[in-house]
Amino acid sequence: MTAGDDQDEGGKGWQARRRELQAVVERHMIRYVGDFPPFFIERAEGAYVYDDRGRQILDFTSGQMCATLGHNHPAVVAAIGRSCERAIHLFSWLLAPEVVALCRELAALLPPQLQKVILLNTGSEANEVALRMAKLATGGHEVIGLSASFHGLTGGAGAATYSVGRRGYGPGLPGNLAIPTPNAYRCPIRHCTDACDLSCLEVGFELIDSQSAGQPAAAIAEPIISTGGVIVPPAGYFPRLKELCEARGMLLILDEAQTAFGRVGANFAFEQDGAVPDFLAVSKTLGGGIPLAAAVTSAELEERCYERGFVHVTSHVSDPLPAAVGLAVLEVLARERLAERAVMLGERLAAGLRDLQQRYEVIGDVRGRGLLWGVELVTDRQSRTPNPELGARITRRCLELGLSMNIVSLPGLASVWRIAPPLTASERQIDDGLAILDQAVGQSL
Ligand SMILES: Cc1ncc(COP(=O)(O)O)c(C=O)c1O
């Protein structure tokens, strides 16, 4: 079917069907992130999603950052099929072999300090578990987060999330404190320009020391602060963060919801950053689109928490179906060498984005790693004033032209496209996306 057809497979006009669905949405759905889009998605495959008119839309967001293998990868579909014949869900205390196998495979990818795994559902849940275990193990409750962080919106994870969702929901957890995000393009302490020298980290910890009630538990951070504007901390940031934590008896939690399993050109971003965390939280990119997450820690911390009666029983902890999918994802990641592919495609994407930056004054900054890139929109390079209106306009135009883009807007602070196509995308698809973006920017100025 081509755009403009008024008939779909059921024979009913797409416009009539769309109107019917819209009426139901209006009547029955809670709006969880502003208004819903005025169209529906019927199908997703590889790097494309297809709307209710049959329009093909290139997905430069990998769904909600989870579809690193592309949508509906055959290995994921087959794993789901096999699970439907074996076991989908069990009493939380019972273990299926695929659950054990996924714990073993994850541990095989990780260093000796990270060998104990719990399988969960969401990124928020993985962070909750890491935070709860860190508190239990240290006996403290204070948690440091970065000022542009996103770690989820459940109680504990939400209390350490500073980029969105704080206002209007009452107090966060006591003991949650923020340090400045190392944003070289917009230095939070007005000290550096375009190259962070870690002063913000030192200043941040001085502020923490003066506010601490003396009960430290953990610091939590994303290796690339993604929802907060795709901010890439400078070399040396994480080793120094770890040192500062250790000096205070705090544990380091790295939240690799978006960066693990190939996205940044390695199995894990921490391998590139030179600091092994005490807890690793992985989620989105492990499940190939199915809710699957894991928290990983050392044998020593696991033992300490066990002795202190650690409990985390949720309905879907250690479920076999998502574990089978996770195994399939890891197998495809290795077989298709997707981490290497992320580097190759990322270089191509970044070169194209830098070319656009040369030609359009409104592109203030281009930054990223592997196949995760941020493009910051400004009114002009000199003032660096954020330009969210233009960003929204171009994003809408991209969609009209067949490219789905995510713009992360921090009110008053920044307007940044987070560009993250599936790692299985073709070079042609990367070029197509860049061409659409070029056209959309040109037509929106
Ligand atoms: C870095 C990071 N951590 C945690 C989360 C929360 O994950 P979930 O939505 O699966 O709970 C997200 C979601 O966007 C994320 O980007």
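Above this text you will find the structure in question.
All residue numbers refer to positions counted from 1 along the written sequence of the respective chain. Whole-chain, interface and lining totals are the exception, using all residues; otherwise, since this is a predicted model, local features are given only for residues with pLDDT of at least 70 and side-chain atom pairs are given and counted only at 80 or more. Side-chain figures throughout are based on the complete set of non-hydrogen atoms in the structure, without hydrogens or water.

Novice: What should I look at first to understand the pattern of salt bridges in this one?
Specialist: Opposite charge on two side chains allows them to pair when their charged atoms are near. Salt bridge, as used here, is a side-chain nitrogen of Lys or Arg placed within 4 Å of a carboxyl oxygen of Asp or Glu. Applying the stated rule across the entire model yields 26 salt bridges. Ionic pairing is found between R43 and E45, a salt bridge with its closest N-O pair at 3.0 Å. Note on R43: relative accessible area 43%, which makes it partly exposed. Across the pair R55 and D51 runs a salt bridge, and its minimum N-O distance is 3.2 Å. Per residue, the accessibility class of R55 equals that of D51, and both read buried. Beyond isolated ion pairs, a larger network of salt bridges with shared partners links R186, D365, R367 and E376. Buried, partly exposed and exposed residues are distinguished by accessible area as a fraction of the type maximum, computed with a 1.4 Å probe on protein chains only: under 20%, between the cut-offs, and over 50%, respectively.

Novice: Explain the environment of P74 to me, please; I cannot follow it from the model alone.
Specialist: The numbering of helices and of strands both runs from the N terminus, where a helix is a DSSP run of H or I of at least 4 residues and a strand a run of E of at least 2. Structurally, the position occupied by P74 is in helix α3 (residues 74–85). Exposure remark for P74: the relative accessible area of 61% places this residue in the exposed category.

Novice: Mind showing me how you'd approach the sheet that holds strand β11 (residues 363–369) here?
Specialist: Two modes of strand pairing occur in sheets, parallel and antiparallel, and in both the strands are linked by backbone hydrogen bonds. Taken together, the four strands give an open sheet; going across it, the order is β11-β12-β15-β14, and neighbouring strands pair in antiparallel fashion. Edge strands, defined here as strands with exactly one partner in the open sheet, are β11 and β14 (406–410). Adjacent strand axes in the sheet meet at a mean angle of 25° when their direction is disregarded. We call two strands paired when DSSP finds no fewer than two bridges between them. Examined bridge by bridge, β11 and strand β12 (residues 372–377) share six bridges and lie antiparallel to one another. Residue pairing for β12: G368 is matched across the bridge by W373. Across the face of the sheet, helix α12 (residues 338–359) comes into contact with β11, β12 and β15 (414–419) while running at roughly 170° to β11. Of the strands in this sheet, β12, β14 and β15 touch helix α13 (residues 388–401), which is tilted by about 30° from β15. To obtain each axis, a line is fitted to C-alpha atoms, and for helices this fit is confined to the stretch in contact; angles are then taken between N-to-C directions over 0 to 180 degrees. For this analysis, residues touch if any pair of their heavy atoms sits within 4.5 Å.

Novice: Which parts of the structure should I look at to understand the pairing of strand β2 (residues 48–51)?
Specialist: On any regular strand, side chains alternate: one points to one face of the sheet, the next to the other face. The side-chain alternation of β2 yields two buried faces, one formed by Y48 and Y50 and the other by V49 and D51. Bridge count between strand β1 (residues 41–45) and β2: four bridges; the pairing is antiparallel. Bridge assignment links R43 to a residue of β2, and that residue is Y50. With antiparallel pairing between neighbouring strands as the criterion, β1 and β2 make up a hairpin whose turn holds two residues, including G46 at a positive phi of roughly 60°.

Novice: Mind showing me how you'd approach the site of the ligand here?
Specialist: Put simply, a residue is near a molecule or strand once any heavy atom of it comes within 4 Å of that molecule or strand. Neighbouring the ligand are T122, G123, S124, N127, F150, H151, G152, E222, D255, A257, Q258 and K284. Within the contact set of the ligand, an oxygen atom lies 2.5 Å away from a side-chain nitrogen or oxygen of S124. Computed with the Shrake-Rupley method and a 1.4 Å probe, the accessible areas treat only the protein chains shown as cover for residues. For the ligand, whose unbound accessible area comes to 390 Å², protein coverage reaches 83%. It is helix α5 (residues 123–138) that contributes the most residues to the shell around the ligand, three residues altogether. Here the residues of the shell around the ligand are counted per class, giving two nonpolar, seven polar and three charged. Residues adjacent in sequence count toward polar contacts only when both atoms are side-chain atoms; beyond that, a polar contact is any pair of N or O atoms within 3.5 Å, and within protein one must be able to donate a hydrogen and the other to accept it. Note on residue classes: Ala, Val, Leu, Ile, Met, Phe, Trp, Tyr, Cys and Pro are nonpolar, Asp, Glu, Lys and Arg are charged, and everything else, Gly too, is polar.

Novice: Looking at this structure, how should I read the packing of α3 against helix α11 (residues 320–335)?
Specialist: For any two helices packed against each other, one specifies the crossing angle of their axes together with the interaxial distance. Where α3 contacts α11, the two axes come as close as 9 Å, and the packing angle between them is 150°. On the basis of their axis angle, the class for α3 and α11 is roughly antiparallel. In this structure, α3 crosses over α11, and the sense of that crossing is right-handed. For the pair α3 and α11, contact is made by A75, V76, A79, I80 and S83 and by P320, L321, A324, V325, A328, V329 and V332, respectively. Tallied by class, the residues present in the contact of α3 with α11 amount to eleven nonpolar, one polar and no charged. What sets the label is the angle itself: under 35 degrees gives roughly parallel, over 145 gives roughly antiparallel, 65 to 115 gives roughly perpendicular, and the rest give oblique. Left-handed is the label given to a crossing in which the near helix is rotated counterclockwise from the far helix by less than a right angle, and right-handed is the label when the rotation is clockwise.

Novice: I would appreciate a short explanation of the nonpolar core in the present structure.
Specialist: Buried together is how nonpolar side chains tend to be arranged in soluble globular proteins. Side-chain atoms within 4.5 Å link the members of a nonpolar core, which is a set of buried Ala, Val, Leu, Ile, Met, Phe, Trp, Tyr and Cys residues. Ranked by internal contacts, the top residues of the largest apolar core, which has 89 residues, are L241, L353 and L437. Broken down by element, this core gets its largest block of residues, eight residues, from α11. Ignoring anything within four residues of it in the chain, the contact list for L241 reads L201, F205, A219, A221 and L252. The next biggest cluster of nonpolar side chains, apart from the first, holds 23 residues, and it includes A137, A281, L301 and V317.

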